Amino acid sequence: MKQQVGWLGVIWVLAVIAAPVDAQLRIEISKGVDRPVPIAVVPFGWQAPTTAPFDIAGLINQDLVSSGRFAPLEQRDLVSRPTTLAEVEFGDWRLLDVDLLVIGRLTQTDQDRFTINFQLLDILRGQPLLSFRLESSGGGLRRAAHQISDMIFEQLTGIRGVFGTRIAYVSVEREGEVMRHRLVVADADGYNARIVFDSPEPIMSPAWSPDGRKLAYVSFEGQRSAVIVQTLRSGAQQTVSSRAGINGAPAFSPDGRKLALTLSRDEGNLDIYVLSLANQVLTRLTTSPAIDTEAAWSPDGQEIYFTSDRSGGPQIYRVGANGGTRPRRVTFEGSYNARPRVSPSGEELAVVFNDRGNYRIAVVDLTTSVTRILTDGRLDESPSYAPNGATLIYATRNRGEGVLSAVSTDGRIKQRIASLAGEVREPVWAPFRPF
Amino acid sequence: MNIRYGLILVALIQLAACGGDSWTRTPPKALESAPTAEAVPGGTTTPAEEVGSPELIREGPEQTSLSRLVIYFEFDQSDIRSEFNEMLAAHGRYLADNPDTRLRLEGHADERGSREYNIGLGERRAQAVRRVLLLQGAASGQLSTVSFGEERPAAFSSDEESWALNRRVELVYR
């Protein structure tokens, strides 16, 4: 047992090279807003005699539909197909009961260089709301289209779009008696899914670094838990904690320099610790004989929220991130509040809440302590905020299979995220990409 | 069907085949060298042909207790139910008598609630079993614990029956 402590050091292993997965996710809206905004997205112009390398308007349409806030016109209902402002007959569009129009064109400027021009037009006023040009490689066109969706979404809702962000999740497939656990990173719409780690042993608790370049997670390789930090681009894995007992629930600090985690050490009692990644210095934040776990940082990095059953059942507590303070209880409603995630604004917590025997996702207002239950499943878990704070992705069960769902934090929009193969769980939304 | 139950079943059949009294007299050497985690104390096998014609073998209480390798728990609890006292006492005595033997206690939880909290519940259950075994004579160096929370269910349905089978500590000799 003692030599495990020696493992504490930094071990570099080359992980499985990121491999594409067939198991993509597909998003369907199960509940949208009552009156989604009508919008027309016209197929983008393309000069060359060949077909366009990418259907930009198609992806924008799909993004806007999946948000649950927009009702794009069917292509067959488009009165005309303008690609420049000069070609737009505003009078024709006004007859269609649609207020907004997206037009644009794609041009190839070099071997692998493309230019996208697009405009979002206010049909009533006959004026552009957005008018931009993007440069992209062929392989970057999908991402560019998401970026356009993000700009349109932000212009029209005032909320920063998350179509261009990514998610990570764990997929599990049973192959006979062997379970295949995979840590997957995909675009927020489920595309470009890549396996970044693959193990016959459980993989748990993925957590993004604030720069979106790394994932921390728990592995059970060798029948014991360890916290791994993996750099996504290189696949390099670093074992940051493989102490005796439990190594679990990693969470990067907002500055990325520290990792909060749960350790049980030799005595078998779970407590919250903060590990400084540069020098491996460990600070213990809790000492209760209860289960203390599932740390989540406040956005300013000053406080840590966590689950503790020191009062009997699991409830959420808050403690100073630098140690030496007494934890204070923050949830009082219900018998079960666990796995807190702090909203990007720092104003509310998403938790797993026991609602009359059903485990559901709830949001707790940190000022008023009011709890709002957002989901209606029986075994909902692992809520994770989109970086814009408007949506929570979470794990639920559908016909006995683990699936993902998303719900807007106002409860108005619900999305089902179907996996085409295997069970999916523990979704975590990545931070915004740095531009 | 979970592989462990299958192996436990095989082990029980082997126990039944090798005769009650012989076990207490001959130290179970096979255990120490057994490479698989699922080895059962006393699981020394006698080829079926040598046993000859069918013979009714009475199992001693000690042996039955040692062949049991899973302790089950109530929802959100880590208290050890009295029905497992005898079994754990037998394992504690066995460990005391065989100081080179190592036992890993694998704690598990049902799928309800959050995953890392369930890791905590599994660990708490494994620790509860560990304390009993220490009281029964095992040395702390013989025992290790690991918690898999809800990550390695023994039964896969989302109902009371499966949940009861999943709230458990498995004794894994190695």
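Residues numbered from 1 in each chain as written. Chains lettered and ligands numbered in written order. Predicted model: local features only at pLDDT ≥ 70, side-chain atom pairs only at ≥ 80, totals over all residues.

1. Observations regarding the overall build of chain A
- Of the regular secondary structure elements, chain A holds four helices and 33 strands.
- Reported as C-alpha extents along the three principal axes, the dimensions of chain A are approximately 75 × 50 × 45 Å.
- Residues classed as buried in chain A amount to 48% of the 435 residues present.
- At a minimum sequence separation of 6, the contacts of chain A that also span at least 24 residues come to 46%. (Helix = DSSP H or I, 4+ residues; strand = E, 2+ residues; numbered from the N terminus. Buried ≥ 20, exposed ≤ 12 C-beta atoms within 10 Å, placed from the backbone. Contact = placed C-beta atoms within 7 Å.)

2. Focus: the packing of helix H6 (residues 85–97) of chain B against helix H7 (residues 115–135) of chain B
Residues and elements named next belong to chain B.
- Running from N to C, H6 and H7 point in directions that differ by 60 degrees, and their axes come no closer than 8 Å. When the axis of H6 is compared with that of H7, the two are oblique. With respect to the hand of their crossing, H6 and H7 are arranged in right-handed fashion. Where H6 abuts H7, its residues Leu88, His91, Gly92 and Leu95 lie against Val129, Val132 and Leu133. (Axes fitted to C-alpha atoms, helices over the stretch in contact; angles between N-to-C directions. Parallel < 35°, antiparallel > 145°, perpendicular 65-115°, else oblique. Left-handed = near helix turned anticlockwise from the far one by under 90°.)

3. Structural notes on the sheet that holds strand E28 (residues 371–373) of chain A
Residues and elements named next belong to chain A.
- Ordered by their spatial adjacency, four strands build an open sheet running E25-E26-E27-E28, and the pairing between neighbours is antiparallel. Edge positions in the sheet fall to strand E25 (337–342) and E28, since each of these pairs with one other strand and no more. Between one strand axis and the next, the sheet turns by 30 degrees as a mean value, whatever way the strands run.
- Two elements, strand E27 (residues 358–365) and E28, share three bridges in a ladder whose sense is antiparallel. Residue pairing in the sheet places alanine 362 in a bridge with isoleucine 373 of E28. (Pairing = 2+ DSSP bridges.)

4. A closer look at the confidence of the model for chain A
- Scored by pLDDT, chain A comes out at a mean of 91, with 94% of its residues at no less than 70.
- Confidence over residues 1–20 of chain A falls short of pLDDT 50; this stretch has 38 contacts with residues more than four positions distant or in other chains. (pLDDT = per-residue confidence, 0-100.)

5. Description of the interface of chain A and chain B
- The interface of chain A with chain B comprises 29 residues on the first partner and 21 residues on the second.
- Only strand E13 (203–208), strand E17 (247–252), strand E21 (292–297), E25 and strand E29 (381–385) of chain A provide two or more residues apiece to the side of chain A that touches chain B.
- Taken together, the residues of the side of chain A that touches chain B break down into 13 nonpolar, ten polar and six charged. (Nonpolar A, V, L, I, M, F, W, Y, C, P; charged D, E, K, R; others polar.)

6. Focus on the nonpolar core
- In this structure, A:Ala168 and A:Ile304 are the most contacted members of the largest nonpolar core, which totals 91 residues.
- Within the second largest apolar cluster, 35 residues are counted, among which are A:Ile103, A:Phe114, A:Leu121 and A:Met151. (Core = buried A, V, L, I, M, F, W, Y, C linked by C-beta atoms within 7 Å.)

7. Some remarks on helix H2 (residues 56–66) of chain A
Residue and element names in this part refer to chain A.
- Across the eleven residues that make up H2, a large majority, eight, are buried.
- Buried within H2 are the following residues: Ile56, Ala57, Leu59, Ile60, Asn61, Asp63, Leu64 and Ser66.
- Where H2 ends, the next residue or the one after it, glycine 68, has phi of about 75 degrees, a positive value.

8. Points about the packing of H2(A) against helix H4 (residues 141–157) of chain A
All names here are of chain A.
- H4 packs onto H2 with a crossing angle of 50 degrees between their chain directions and a minimal axis gap of 9 Å. Taken as axis vectors, H2 and H4 run oblique relative to one another. Both H2 and H4 take part in a crossing whose hand is right-handed. Within the contact between the two elements, H2 uses Ile56, Leu59, Ile60, Asp63 and Leu64 and H4 uses Leu141, Arg142, Ala145, His146, Ile148, Ser149 and Ile152.
- Residues of the contact of H2 with H4, tallied by class, amount to eight nonpolar, two polar and two charged.

9. Focus: the environment of A:Phe118
Residues and elements named next belong to chain A.
- Residue position: phenylalanine 118 is located in strand E8 (residues 113–122).
- A sequence separation of 256 residues divides phenylalanine 118 from leucine 374, and the C-alpha atoms of the two residues are 36 Å apart.
- Contacts of phenylalanine 118, omitting those with residues within four sequence positions, involve Val102, Ile103, Gly104, Phe132 and Ile148.

10. A short note on the pairing of strand E9 (residues 127–136) of chain A
All names here are of chain A.
- Taken together, the nine bridges between E8 and E9 define a ladder with antiparallel strand orientation. Counted as the bridge partner of threonine 115 is glutamate 135 from E9.
- Count of turn residues in the E8/E9 antiparallel hairpin: four residues, of which glycine 126 carries a positive phi of about 70 degrees.

11. Details of unusual backbone geometry
Residues and elements named next belong to chain A.
- In this structure, serine 369 takes a positive phi of about 65 degrees despite not being glycine.
- With respect to the secondary-structure elements, serine 369 resides in the loop between E27 and E28.
- On the neighbour-count criterion, serine 369 (11 C-beta atoms within 10 Å) is exposed.

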